[in-house]
Amino acid sequence: MRIEGKSVIVTGASSGIGRALALAFAGKRAAVTAAARRADRLEELVREAAERFPDAPPVVPVECDVTREADVSWLVGGTVERTAAVDVLVNNAGVGLYGETELVSIDDFQELLSVNLLGAVRCIQEVVPFMRTRESGVIVNVASVAALYGVPYLSAYCASKAAVAAVSQSLRAELDGSGIRVMIAYPGYTDTEFFEHEKVVGGARRPPGPFAPPDRVAAGVVRAVERNVGDVYLTAQGRALSVLRGLAHPIVERAMRKIARELRGEDEPSPDDGKQ
Ligand SMILES: NC(=O)c1ccc[n+]([C@@H]2O[C@H](COP(=O)([O-])OP(=O)(O)OC[C@H]3O[C@@H](n4cnc5c(N)ncnc54)[C@H](OP(=O)(O)O)[C@@H]3O)[C@@H](O)[C@H]2O)c1
């Protein structure tokens, strides 16, 4: 896809990866709509984009909380009214939650899912009807390497990101042939404010990194949009994990069937055991 002149919405654009994505798309002369809750931070982004890319369309800031349906409709409806399209939607808004699963409250689980999973779903449900009328569009869902496997002390976060990946895979199949593409981005540790904002419960330590710069992550995502890549692994660790997970999957499946049989008090191998 050629990005110049395209209408691009980036959620969570007030800091970190989203901010870097908004600038990277603006650098390609896209018409960027930058959404987040912190208006002052969006204004800073608008100023930086205007200074760095004076010949690009101005970045348009929209205050939007992705947990609020009315905000999301305003974001998408307003963008369509202004630019006559949404060519690319990047669902990037997200928050973290770190700590022992047994200590994470149900309210905290729900709050996290409402942003990371349902925030993306709300935006998808608003945007797909518009993309369908044009028979084109790209939806980029920012998951995480944490979507690939349940990491200790990150159960809620991993669950939210694995769910984002699952929704993306379902949607990708459902939209097959519609002209709308669905991409999943799997960043690894990235140097952003994420870790300052995440809620921490209990006393587990966080690994010390290493962290990628957000600009590099954003450049990888934009390149993947240009090249029609479906799954974007932005780190060697993410790529390795995806390969290993693929290799181990049939073995794990068989082991799980065996455990379930044992727990039911059955000894005979199931007819499914040979299947992968
Ligand atoms: N940093 C990492 O190591 C890492 C690794 C893998 C994946 N990711 C994912 O990358 C995405 C961006 O994270 P980041 O690292 O760039 O962190 P960040 O700097 O904290 O950015 C998070 C963004 O999400 C926005 N946001 C949070 N809650 C929101 C809500 N309810 N409605 C709208 N916007 C909301 C924030 O803006 P406002 O507060 O202004 O609303 C902010 O712009 C997230 O989905 C995160 O899970 C991060």
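Preceding this paragraph is the structure being described.
What comes next concerns the included structure. (Residues numbered from 1 in each chain as written. Predicted model: local features only at pLDDT ≥ 70, side-chain atom pairs only at ≥ 80, totals over all residues. Heavy atoms only, no water.)

## Thoughts on empty space enclosed by the protein
Item 1. Taken as a whole and assessed by the stated rule, the structure comprises 1 cavity of 30 Å³ or more.
Item 2. Roughly 60 Å³ of volume is contained in the largest cavity.
Item 3. Contributing elements (two or more residues each) for the lining of the largest cavity: helix H4 (106–116), helix H5 (118–134), strand S6 (137–142) and helix H6 (155–174).
Item 4. Across the lining of the largest cavity, the residue classes break down as 6 nonpolar, 6 polar and 1 charged. (1 Å grid on protein atoms, 1.4 Å probe; cavity = no way out; pocket = protein on both sides within 12 Å on 5 of 7 lines; lining within 4 Å. Points joined across faces, edges and corners; volume = space filled by probe spheres on them. Helix = DSSP H or I, 4+ residues; strand = E, 2+ residues; numbered from the N terminus. Nonpolar A, V, L, I, M, F, W, Y, C, P; charged D, E, K, R; others polar.)

## Describing the site of the ligand
Item 1. Near the ligand you find 32 residues, and of these Ile17, Arg37, Tyr157, Thr190 and Thr192 are the closest.
Item 2. Within the contact set of the ligand, an oxygen atom lies 2.7 Å away from a side-chain nitrogen or oxygen of Arg37.
Item 3. The protein chains hide 96% of the 880 Å² of surface that the ligand would expose on its own.
Item 4. Every element with two or more residues in the shell around the ligand is listed here: helix H1 (16–27), H6 and helix H7 (194–197).
Item 5. At 3 residues, the largest contribution of residues to the shell around the ligand is made by H7.
Item 6. Class assignment of the residues belonging to the shell around the ligand gives a composition of 15 nonpolar, 12 polar and 5 charged. (Near = heavy atom within 4 Å. Polar contact = N/O pair within 3.5 Å; in protein donor to acceptor, adjacent residues only side chain to side chain. Areas by Shrake-Rupley, 256 points an atom, 1.4 Å probe, with all protein chains shown as cover.)

## A short note on the state of the cysteines
Note on terminology: disulfide describes a covalent bond linking the sulfur atoms of two cysteines.
Item 1. Going through the model one piece at a time under the given rule, you end up with 0 disulfides.
Item 2. With no disulfide of its own, Cys123 lies 5.9 Å from the sulfur of Cys64, the closest cysteine sulfur. (Disulfide = S-S within 2.5 Å.)

## Observations concerning the side chain of Arg122
Item 1. Turning to its location among the elements, Arg122 is positioned in helix H5.
Item 2. Notably, Arg122 is buried but unbridged: the nearest opposite-charge side chain belongs to Glu69, and the N-O separation is 5.0 Å.
Item 3. Within the structure, Arg122 has its side chain in polar contact with the backbone oxygen of Ser114 (distance 3.1 Å).
Item 4. With residues up to four places along the chain from it excluded, the contact list for Arg122 reads Val66, Thr67, Glu69, Val72 and Ser114. (Buried < 20%, exposed > 50% of the residue type's maximum accessible area, 1.4 Å probe, protein only. Lys, Arg positive; Asp, Glu negative; His and termini not counted. Salt bridge = Lys/Arg side-chain N within 4 Å of Asp/Glu carboxyl O. Contact = heavy atoms within 4.5 Å.)

## Notes on a negative patch on the surface
Item 1. Side chains of Asp40, Glu43, Glu44 and Glu63 sit close together on the surface and give a patch of like negative charge.
Item 2. Of all the elements, helix H2 (residues 39–52) adds the most residues to the negative patch, at 3 residues.
Item 3. Tracing the sequence through the fold places Glu43 in helix H2.
Item 4. Take Glu43: its relative accessible area is 38%, and that puts it in the partly exposed class. (Patch = residues over 30% accessible without salt bridge, like charges linked within 9 Å, V, L, I, M, F, W, Y side chains within 5 Å. Charge placed at Lys NZ, Arg CZ, Asp CG, Glu CD.)

## A closer look at the packing of H4 against H6
Working note: a packed helix pair is described by the angle between its axes plus the distance between those axes.
Item 1. Put simply, H4 and H6 touch, their axes get as near as 10 Å, and they point 30° apart. Put simply, H4 runs roughly parallel to H6. The interaxial crossing formed by H4 with H6 has right-handed handedness. When H4 is examined against H6, the residues Phe109, Leu112, Leu113 and Asn116 are found in contact with a partner set consisting of Ser155, Ala156, Tyr157, Ser160, Lys161 and Val164.
Item 2. Across the contact of H4 with H6, the residue classes tally to 6 nonpolar, 3 polar and 1 charged. (Axes fitted to C-alpha atoms, helices over the stretch in contact; angles between N-to-C directions. Parallel < 35°, antiparallel > 145°, perpendicular 65-115°, else oblique. Left-handed = near helix turned anticlockwise from the far one by under 90°.)

## Overview of the nonpolar core
Item 1. Counting residues in hydrophobic clusters, the biggest one holds 37 residues, and the most contacted among them are Leu21, Phe25, Val59, Val88, Val90 and Val140.
Item 2. Those elements giving two or more residues to this core turn out to be strand S1 (7–11), H1, strand S2 (31–36), H2, strand S4 (88–91), S6, strand S7 (180–186) and helix H8 (214–227).
Item 3. When neighbours within four sequence positions are excluded, Val88 is seen to be in contact with Met1, Ser7, Val8, Ile9, Phe25, Met131, Val138, Val140 and Val225.
Item 4. Core analysis: the second largest hydrophobic core is formed by 22 residues, Val66, Leu89, Val115 and Leu175 among them. (Core = buried A, V, L, I, M, F, W, Y, C linked by side-chain atoms within 4.5 Å.)

Functional significance is not addressed by these values, which are geometric in nature.
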